[in-house]
Amino acid sequence: MRVDRVFTKARLATMAGNTPYGVIDDGAIAIRDGRIVWIGDASDAPDCDDVEALEGRWVTPALVDCHTHIVFAGDRSNEFEKRLAGVSYETIAREGGGIVSTVKAVRAAGAADLAASALSRLDPLIQEGLGTIEIKTGYGLNFESELNMLKAIRSLGLVTGLRVQSTLLAAHAIPPEYAGKADAYIDDVCIPLVREAAREGLADAVDAYCEGIAFSPEQTRRVFDAAKEAGLAIKLHADQLSDLGGASLAADYGALSADHLEYTTKAGIVDMSRSGTVAVLLPGAFYMLNETRKPPVEAMRKAGVPMAVATDANPGTSPILSLLTSANMACTLFGLTVEEALAGITREGARALGFQNEIGTLEVGKRCDLAVWDVDHLPQLIQWVGARPLHGRVLSGEWA
Ligand code: DI6
Ligand code: FE
């Protein structure tokens, strides 16, 4: 077997197979053309001129953050202060804050400015072992600014070397110029944008915010019909603040994922398990908003719904730039096991993006995207907050 390189003397958490974490205690990985061509006990590793020992370090798949709004402009720290003083999210929005204040700032920024500010926010995620990220639009809310956001998202992939899924979320909020005319906004802006983004190859997926304060299930369906026709994947912000049947709607469209799910009912869980739609848990938003209603984790576990965990990084409801902290919160706040949380930011995060054949586990045929850690015990990764445990990242077989 021709092999470019072998990593050896590693404690591998492959996140594949039937044993806990898929551990190979004294493991090795052989790489050709950036992909894993062999994985197993170090003593059986194929011959190669280029062998690098990882000195017994733990190795997992590089991390996957499958739900972020990391491209934006402006600042909403004053809102954080207001909410702590008891002002509601609704009142803040009525006074011109909330999503609309971010929209104003994004419309005033160019694609290059948007990418530059996002880059500084990507850094802490990268320092934590990130290999793949999903990034949404949704703060432009007109033709030109949404396209600017998509261009910024694409450029971030080129600059950082991260794998990036670009998601069009034009149906995020109703812009001020369409106040009271949500249907017209869908027809005039969202649907044409879906078609343009697909034509230009700027988006991989389409998302919508299906919520009482945003778009109805009927309006969401019209956006998704256009997405399907354009051949784009589908994701949904579902059942975060109320039960509008979002999980079932997502499943009905064969969505890759339904995200949030605090108010999802039994019917939604059954539909998701049938369609293979991934449940993306976003404990950062739950924590920041001081919510009490939790997603039905135990019922989803029983029904075999795959569960991913993401940061939901955004300037309003989830200002959090740590995927390991999000995984910690998924355990402490939502009741995931440590193994489920680690799978949620690797294997299931990849599945939520439709990338499960490329990344997310350490298996033959997949890209060799690794996070190499300086921890003695694997659960420490999730147990500690703020510990900076990363030794280094490998993307497509090369140190990043
Ligand atoms: N995702 C979102 O898009 C909204 N909440 C969430 O979890 C709000 C984002 C914002 O306030 O900017
Ligand atoms: Fe979100």
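First, a word on scope: everything that follows refers to the structure included in this document. (Residues numbered from 1 in each chain as written. Chains lettered and ligands numbered in written order. Predicted model: local features only at pLDDT ≥ 70, side-chain atom pairs only at ≥ 80, totals over all residues. Heavy atoms only, no water.)

Here we have seven strands laid out as an open sheet, ordered β3-β2-β1-β4-β13-β14-β15, and mixed in their pairing. For this open sheet the edge positions go to β3 (35–41) and β15 (398–399), each flanked by a neighbour on one side alone. The pairing of strand β2 (residues 23–32) with β3 spans six bridges and is classified as antiparallel. Bridge pairing links R32 to R35 in β3. (Pairing = 2+ DSSP bridges. Helix = DSSP H or I, 4+ residues; strand = E, 2+ residues; numbered from the N terminus.)

To continue, consider the sheet that holds strand β5 (residues 63–65). The strand order across the open sheet built from eight strands is β5-β6-β7-β8-β9-β10-β11-β12, with neighbouring strands paired in parallel fashion. At either margin of the open sheet sits one strand with a lone partner, and together these are β5 and β12 (307–309). On average, each strand axis in the sheet is tilted by 25° relative to the strand beside it, whichever way the strands run. In this structure, strand β10 (residues 257–260) lies alongside strand β11 (residues 278–281), joined through three bridges in parallel fashion. Along β11, the bridge assignment pairs A258 with A279. On the sheet, helix α5 (residues 143–160) packs against β6 (130–136) and β7 (163–171) and is oriented at approximately 170° with respect to β7. (Axes fitted to C-alpha atoms, helices over the stretch in contact; angles between N-to-C directions. Contact = heavy atoms within 4.5 Å.)

Let us now look at the site of ligand 1. Residues in close proximity to ligand 1 total 14 residues, the closest being Y89, Y139, H172, H260 and D312. Contacts to ligand 1 include H69, whose side-chain N or O atom sits 3.5 Å from a nitrogen atom. A distance of 2.7 Å separates an oxygen atom of ligand 1 from a polar side-chain atom of Y139. (Near = heavy atom within 4 Å. Polar contact = N/O pair within 3.5 Å; in protein donor to acceptor, adjacent residues only side chain to side chain.)

Counted under the stated rule, the structure contains five aromatic pairs. An angle of 55° between the planes, with centres 5.6 Å apart, marks the rings of Y178 and Y185 as tilted. As far as the burial class goes, Y178 and Y185 line up, both buried. Ring geometry for F224 and Y253: centres 5.5 Å apart, planes at 70°, overall edge-to-face. Taken together, the residues span a long stretch of sequence, with F224 in helix α7 (residues 217–229) and Y253 in the loop between α8 (246–252) and β10 at a distance of 29 residues. The burial state of F224 is the same as that of Y253; both residues are buried. Clustering of aromatic rings is evident, with ring pairs tying together Y178, Y185 and F215. The ring of F72 carries the charged tip of R121 above its face, separated from the ring centre by 3.6 Å. (Phe/Tyr/Trp six-rings, centres within 6.5 Å; stacked < 30°, edge-to-face > 60°. Buried < 20%, exposed > 50% of the residue type's maximum accessible area, 1.4 Å probe, protein only. Lys NZ or Arg CZ within 6 Å of the ring centre and 35° of its normal.)

Burial of the side chains of strand β13 (residues 370–373) extends over both faces: L370 and V372 are buried on one face and A371 and W373 on the other. Both strand β4 (residues 51–61) and β13 contribute to a ladder of four bridges, which runs antiparallel. Opposite P61, over in β13, you have L370 as the bridge partner. Bridge analysis of β13 against strand β14 (residues 390–395) gives four bridges, and the strand direction is antiparallel. The residue bridging L370 from the neighbouring strand is V394, located in β14.

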